[in-house]
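# Inside the fold
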Amino acid sequence: MTDGRPIRVLVVEDDPVAADAHELYVGRVPGFVAVAKARTGAAARRVLERTEVDLLLLDLHLPDVHGLQFARSLRASGHHADVIAVTSARDLAMVREGVSLGVVQYVLKPFTFATLRDRLVRYAEFRGAAGEASGQDEVDRALAVLRAPAPAALPKGLSGPTLERVTGALREAVGGLTAAGVGEAVGISRITARRYLEHLVDTGRAARSPLYGQVGRPELVYRWVPQRR
């Protein structure tokens, strides 16, 4: 959030189904609100003329203009909203060009809610950094918040897509979840869920604690550990 108010997002996407999904995704992330949708660059510009926007979730392939050309025209006309680019293209030259135009993140289609949520959370942490850096290390840490870490090799038997679903279920559970609860939410067995949860504990992304008050051995509750800069 910025000054106690949510970060205002304009979804620019020509596919109505995708636009609705992206709007829904943004609304599910605390501290963010989708203020409008636009299907073309011209429509997005009209929204920007009448609505305050902090961040554009911008599809790069619009019917009337390429997204980077649109971002360039925004900068030329004095708009300073940041941009998360949404694209199926993997052209690294285009990525480099986007950096100079205020593109702070790229999200490759197709993507899940968990992927976009991670990018938005990182952007909010970066945007919320304030004060004067004490040195180069602090500057580097502030910039690193925007960059997703390189994926580490998973233990044998664990898969990336399932880990993403387990992570998403755990992050959304305010009071934490047991292995059985995660298994039910994700559609896997309790034993399998526990393997993924223990991996998250081992990598510092989750914490576990015993749940007392029941007969017999206490059950373990797992909670997401927010990343710190």
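To start, this report covers the structure provided alongside it. Numbering of residues starts from 1 in each chain and follows the order in which that chain's sequence is written. In keeping with the predicted nature of the model, local features appear solely for residues at pLDDT of at least 70, side-chain atom pairs appear and are counted solely at 80 or more, and the whole-chain, interface and lining totals rest on all residues. Side-chain metrics in this entry use all non-hydrogen atoms of the structure; hydrogen atoms and water are not considered.

Of the regular secondary structure elements, the protein chain holds nine helices and seven strands. A 1.4 Å probe rolled over the protein chains alone gives each residue an accessible area, and that area as a share of the maximum for its type sets the label: buried under 20%, exposed over 50%, partly exposed in between. When each of the 229 residues of the protein chain is scored for burial, the buried share is 42%. Residue contacts are defined here by distance: any two heavy atoms, one from each residue, within 4.5 Å place the two residues in contact. Residue pairs in contact within the protein chain that sit at least 24 positions apart in sequence constitute 60% of those at least 6 positions apart. Note on areas: these come from Shrake-Rupley sampling with a 1.4 Å probe, and a residue is covered only by the protein chains present in the view. Taken as a whole, the protein chain presents about 12600 Å² of accessible surface, with 54% of it coming from carbon and sulfur. Runs of E in the DSSP output that reach at least two residues are strands. Runs of H or I that reach at least four are helices, and both are numbered from the N terminus.

Turning to the environment of Gly-183, a few remarks are in order. Mapped onto the fold, Gly-183 is located in helix H8 (residues 179–186). Overall, the relative accessible area of 5% leaves Gly-183 in the buried class. Residues Gly-183 and Val-166, 17 residues apart in the sequence, show an inter-C-alpha distance of 8.3 Å. Once residues lying within four places of it in the same chain are set aside, the contact partners of Gly-183 are Ile-188, Ser-189 and Ala-193.

A few words now on the sheet that holds strand E1 (residues 7–12). Strands sit in the order E2-E1-E3-E4-E5 across an open sheet of five strands; the sheet is parallel. Among the strands making up the open sheet, the edge pair consists of strand E2 (32–38) and strand E5 (103–108). Ignoring strand direction, the axes of neighbouring strands in this sheet form an average angle of 20°. Pairing between strands is defined by DSSP: at least two bridges between the two strands are required. Pairing of E1 with strand E3 (residues 55–59), which is carried by four bridges, proceeds in the parallel orientation. Residue pairing across strands places Leu-10 opposite Leu-56, the latter belonging to E3. In this description, a line fitted to the C-alpha atoms serves as the axis of each element, helices being fitted only across the stretch in contact, and the angle between N-to-C directions of two axes falls anywhere from 0 to 180 degrees. Sheet contacts for helix H2 (residues 41–50): E1, E2 and E3; angle to E1, the most-contacted strand, approximately 155°.

Attention now moves to the side chain of Asp-118. Residue placement: Asp-118 occurs in helix H5 (residues 113–128). Look at Asp-118 and you get buried, because its relative accessible area is 17%. Pairing of N or O atoms within 3.5 Å defines a polar contact, subject to two protein rules: one partner must be a possible hydrogen donor and the other a possible acceptor, and residues neighboring in sequence count only if both atoms are side-chain atoms. A distance of 3.1 Å separates a polar atom in the side chain of Asp-118 from a polar atom in the side chain of Arg-119.

So, about the packing of helix H7 (residues 160–172) against helix H9 (residues 190–202). Following both chains from N to C, one finds H7 and H9 inclined at 75°, their axes separated by 10 Å at the closest point. One way to sum up the angle between H7 and H9 is to call them roughly perpendicular. Within the contact between the two elements, H7 uses Thr-162, Leu-163, Val-166, Thr-167 and Leu-170 and H9 uses Tyr-196, Leu-197, His-199 and Leu-200. Throughout this entry, Asp, Glu, Lys and Arg are counted as charged residues, while Ala, Val, Leu, Ile, Met, Phe, Trp, Tyr, Cys and Pro are counted as nonpolar. The remaining residues, Gly among them, count as polar. Per-class residue counts for the contact of H7 with H9 are six nonpolar, three polar and no charged. For classification, angles of less than 35 degrees are called roughly parallel, those exceeding 145 degrees roughly antiparallel, those between 65 and 115 degrees roughly perpendicular, and all remaining angles oblique.

Attention now goes to the nonpolar core. As a rule of thumb, nonpolar side chains are buried together in soluble globular proteins. Remark: nonpolar core denotes a set of buried residues (Ala, Val, Leu, Ile, Met, Phe, Trp, Tyr, Cys) joined through side-chain atoms within 4.5 Å. Grouped together as the largest cluster of nonpolar side chains are 24 residues, with contacts concentrated most on Leu-10, Val-12, Leu-48, Leu-56, Leu-58 and Phe-70. Within the residue set of this core, elements represented by two or more residues are E1, E2, H2, E3, helix H3 (67–76), strand E4 (82–87) and E5. If we ignore the near neighbours within four places in the chain, the residues touching Leu-10 are Val-35, Ala-36, Lys-37, Ala-38, Ala-44, Val-47, Leu-48, Val-53, Leu-55, Leu-56 and Leu-57. Counting 20 residues, the second largest nonpolar core, distinct from the first, contains Ile-7, Val-107, Leu-116 and Tyr-123.

Multiply 1.5 Å by the residue count of a helix minus one, and that product is the helix's expected span. Under the 1.5 Å per step criterion, the end-to-end length of H5 is 22 Å for 16 residues, consistent within 8% with the ideal 22 Å. The set of residues buried in H5 consists of Phe-113, Ala-114, Thr-115, Leu-116, Arg-117, Asp-118, Arg-119, Leu-120, Arg-122, Tyr-123 and Ala-124.

This part is about the packing of aromatic side chains. Each pair of aromatic rings taken from Phe, Tyr and Trp, with Trp reduced to its six-membered ring, is defined by centres within 6.5 Å and is described as stacked if the planes are under 30 degrees apart, edge-to-face if over 60, and tilted in the remaining cases. Within the structure shown, the criterion is met by one aromatic pair. Look at Tyr-25 and Phe-113: their rings are 5.5 Å apart centre to centre, the planes differ by 50°, and that puts the pair in the tilted class. With Tyr-25 in helix H1 (residues 16–27) and Phe-113 in helix H5, this pair connects stretches of sequence that are 88 residues apart. Note on criteria: charge over ring means Lys NZ or Arg CZ within 6 Å of the ring centre, with the direction from the centre no more than 35 degrees off the ring normal. Arg-28 extends its terminal NZ or CZ atom over the ring of Phe-113, reaching a point 3.8 Å from the ring centre.

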